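The residues making up each chain are set out below.
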Amino acid sequence: MRQQIALLEQLQLVDLQIFEIEQKLKKIPEDLAQVKVQMEELWEKIERDRTTLKEAEKWRVEHDRAISMQQELLSKSKAKLAGARNDRESNAAQREIDTIRRALSEREEEAIHIMEVVEQTRESIGQKEEMYTKLQDAFKAMESESRKLVGDMEHGRSKLTHKRTDVASKIDKVTISLYEKIRQRRPRAVVVAERGTCSGCHMMLPPQVYNLLQRQDRIVQCPNCFRIVYFVDASSPDKGGDD
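Note that the coordinates shown come from a computational prediction; the quantities given were computed from them, not determined experimentally.

K.L.:
How would you sum up the nonpolar core? Please name residues and give values.
P.N.:
If you look at the biggest cluster of nonpolar residues, it comprises 16 residues, and the most contacted ones within it are L8, L11, Y179, V190 and I228. Residue assignment for this core shows that the elements contributing at least two residues are helix 1 (2-82), helix 2 (87-168), helix 3 (173-183), strand 1 (190-194) and strand 4 (228-231). Tallying contributions element by element places helix 1 first for this core, with 4 residues. Residues within four places of Y179 in sequence aside, it is in contact with L8, L11, Q12, D15, R164, A189, V190 and I228. Counting residues in hydrophobic clusters, the runner-up holds 15 residues, among them I18, L32, V35 and I46.

Spelled out as structure tokens, the structure:
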């Protein structure tokens, strides 16, 4: 029975290594997908900024045209004032000039605001495009590195799988079946009993169970977590597990 426990320990070590590789293989596409989502979100922001810039530039052209028209009107009104033949014509021309100047001032203030929007949006687009390029480069580097990592890990998993088959073939069918059943719920299915305690769930073992363990002539399960537990004497190196 000691040999069966030793084989179970070997098998569990291989299984834990395979499990670790599979977790890493699972994480690689998740990490790539996360960067891709960041890129897509950033690209959407760039597109929104480009739309804002296009609209702002359109408003700027319209305001520039309106300012030019009002400047022409102002020039004509000034000419009217200069050619006024009496106070009535002079006052009318002056009122017209004042109205145009107020409208022109408002237009010019709006034009300044539009220019600020244009410049801020251009700067924002430039910053985001730079960020996008860096993300794109990082994504390509991750893809390249991931392909190599995946290849190495799949090769390692294949070797471990062959080793697992070899070790499992040396364990009796009843024991391996019990091990596989436990492993479906808990990655670490085989643990040592330390000072009368299951090192998997850290619960005290009943005295009769602990006595059976010390005999080392059968497979014993913890009555609490149902892991396979085994006994080592004080001179043996400690072995244990985590829940």
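K.L.:
Outline the environment of D152, supporting the account with residue identities and numerical values.
P.N.:
The residue D152 is located in helix 2 in this model. Expressed as a C-alpha distance, the spacing of D152 and R164, which sit 12 residues apart in the sequence, is 18 Å.

K.L.:
Which residues make up the pattern of salt bridges, and what values go with them?
P.N.:
Counted according to the given criterion, the structure contains 19 salt bridges. For R164, the salt bridge goes to D15, with nearest N and O atoms at 2.4 Å. You can see R164 sitting in helix 2 and its partner D15 sitting in helix 1, a full 149 residues away along the chain. Like D15, R164 is buried.

K.L.:
Quick rundown of helix 4 (residues 207-215)? Include the residues and the values.
P.N.:
Along helix 4, the residues that are buried comprise V209, Y210 and L213. With its buried residues spanning 100° around the axis, helix 4 presents them on a single face. Set apart from the buried face of helix 4 by more than 90 degrees, the exposed residues are P207, Q208 and R215. Here the buried face of helix 4 lies against strand 1, strand 3 (220-221) and strand 4. Following helix 4 by one or two positions, Q216 adopts a phi angle in the positive range, close to 55°.

K.L.:
Explain the sheet that holds strand 1 residue by residue, including any values.
P.N.:
Within a sheet, neighbouring strands are paired by backbone hydrogen bonds and run either parallel or antiparallel to one another. Across the sheet, 4 strands lie side by side as 2-1-4-3; this open sheet has mixed pairing. On the outer flanks of this sheet lie strand 2 (197-198) and strand 3, each paired with one strand and no other. For strand 1 and strand 2, the ladder comprises 2 bridges, and the chain directions are antiparallel. Counted as the bridge partner of E194 is T197 from strand 2. Packed onto the sheet, helix 3 meets strand 1, strand 3 and strand 4 and runs at close to 115° relative to strand 4.

K.L.:
Give a description of the packing of helix 1 against helix 2 that names residues and reports values.
P.N.:
Remark: helix 1 packs on helix 2, axes separated minimally by 4 Å, with the N-to-C direction vectors making an angle of 165°. Taken as axis vectors, helix 1 and helix 2 run roughly antiparallel relative to one another. With respect to the hand of their crossing, helix 1 and helix 2 are arranged in left-handed fashion. Partitioned by chemical class, the residues of the contact of helix 1 with helix 2 number 43 nonpolar, 16 polar and 25 charged.

K.L.:
Mind laying out a negative patch on the surface, listing which residues take part and the relevant values?
P.N.:
Together, E106, E108, E109 and E110 make up a negatively charged patch on the protein surface. Note on placement: E106 falls in helix 2.

K.L.:
Summarise the layout of surface pockets; cite the residues concerned and give the values.
P.N.:
By volume, the largest pocket amounts to about 190 Å³. As for the largest pocket, its lining consists of 12 residues, and the residues nearest its centre are R2, I5, Q216, Y230 and F231. Those elements that provide at least two residues to the lining of the largest pocket are helix 1 and strand 4. The element best represented in the lining of the largest pocket is helix 1, accounting for 4 residues. Along the lines of polarity and charge, the residues of the lining of the largest pocket split into 7 nonpolar, 1 polar and 4 charged.

Each value, and the rule that gives it
- Residues numbered from 1 in each chain as written.
- Predicted model: local features only at pLDDT ≥ 70, side-chain atom pairs only at ≥ 80, totals over all residues.
- Heavy atoms only, no water.
- Core = buried A, V, L, I, M, F, W, Y, C linked by side-chain atoms within 4.5 Å.
- Buried < 20%, exposed > 50% of the residue type's maximum accessible area, 1.4 Å probe, protein only.
- Helix = DSSP H or I, 4+ residues; strand = E, 2+ residues; numbered from the N terminus.
- Contact = heavy atoms within 4.5 Å.
- Salt bridge = Lys/Arg side-chain N within 4 Å of Asp/Glu carboxyl O.
- Arc of directions from axis to C-beta.
- Pairing = 2+ DSSP bridges.
- Axes fitted to C-alpha atoms, helices over the stretch in contact; angles between N-to-C directions.
- Parallel < 35°, antiparallel > 145°, perpendicular 65-115°, else oblique.
- Left-handed = near helix turned anticlockwise from the far one by under 90°.
- Nonpolar A, V, L, I, M, F, W, Y, C, P; charged D, E, K, R; others polar.
- Patch = residues over 30% accessible without salt bridge, like charges linked within 9 Å, V, L, I, M, F, W, Y side chains within 5 Å.
- Areas by Shrake-Rupley, 256 points an atom, 1.4 Å probe, with all protein chains shown as cover.
- Lys, Arg positive; Asp, Glu negative; His and termini not counted.
- Charge placed at Lys NZ, Arg CZ, Asp CG, Glu CD.
- 1 Å grid on protein atoms, 1.4 Å probe; cavity = no way out; pocket = protein on both sides within 12 Å on 5 of 7 lines; lining within 4 Å.
- Points joined across faces, edges and corners; volume = space filled by probe spheres on them.

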